[in-house]
Amino acid sequence: MSKDKIAEIQLVRDSTQPFLKVTVPKGTKLSDTLKLQPQLSDILGKLKGCLPCNSGVPIWFHEREEIENLVKIDLGTMKRI
């Protein structure tokens, strides 16, 4: 499975209300993104108990940024990993 062909769905709990964050690879066609609808409905149904609607849980879609991890630091030891 190619890493660049993976969508990520995350539940983000911020101070106002939770929302689903859907990240797709850069250049993903809208038609491919819309194929996620059954998975999103399943997740929302389990969160709110209502399958036909998003029950007040916003869904944010965005394309994955092109980010390179240069350095990771262990916050306990302040050493590079």
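Going by the structure above, here's the rest.
Below is a summary of the structure that appears in this document. A quick note: this is a predicted structure, and the numbers were derived from the prediction, not measured.

So, how was this worked out
- Residue positions are given per chain, counting from 1 as you read along its sequence in written order.
- Selection of residues for local features in this predicted model requires a pLDDT of at least 70, selection of side-chain atom pairs for listing and counting requires 80 or more, and totals for whole chains, interfaces and linings are taken over all residues.
- Think of the side-chain values as coming from all heavy atoms in the structure, minus any hydrogens and water.
- A residue counts toward a patch only above 30% relative accessible area and without a salt bridge, and it is joined to like-charged neighbours within 9 Å or, for Val, Leu, Ile, Met, Phe, Trp and Tyr, to nonpolar neighbours within 5 Å.
- Per-residue accessibility takes into account occlusion by the displayed protein chains alone, with areas from the Shrake-Rupley method and a 1.4 Å probe.
- Definition used for salt bridges: Asp or Glu carboxyl oxygen within 4 Å of a side-chain nitrogen of Lys or Arg.
- Strands are runs of DSSP state E lasting at least two residues, helices are runs of H or I lasting at least four, and both sets are numbered from the N terminus onward.
- Note on classification: 1.4 Å probe, protein chains only; a residue is buried when its accessible area is under 20% of the maximum for its type, exposed when over 50%, partly exposed between these limits.
- Two strands are said to pair when DSSP picks up at least two bridges between them.

For the rest of this paragraph, the subject is a nonpolar patch on the surface. Together, Leu 70, Val 71, Ile 73, Leu 75 and Met 78 line one region of the surface with nonpolar side chains, adding up to about 570 Å² of accessible area. Tracing the backbone shows Ile 73 in strand β4 (residues 73-74).

Turning our eyes to something else, we now look at the pattern of salt bridges. The tally for this structure, following the rule as stated, stands at three salt bridges. Residue Asp 42 pairs with Lys 46 through a salt bridge whose shortest N-O separation is 3.2 Å. With Asp 42 and Lys 46 both in helix α2 (residues 37-48) and four residues apart, the pair spans about one turn of that helix. Residue classification places Asp 42 among the partly exposed positions, given a relative accessible area of 36%.

This part is about the pairing of strand β1 (residues 8-13). The side chains of a regular strand alternate between the sheet's two faces. Strand direction decides the pairing type here: β1 and strand β2 (residues 18-24), joined by six bridges, are antiparallel. Its bridge partner lying in β2, Ile 9 is registered against Val 22. Here β1 hands over to β2 after four residues, the two strands then running antiparallel side by side.

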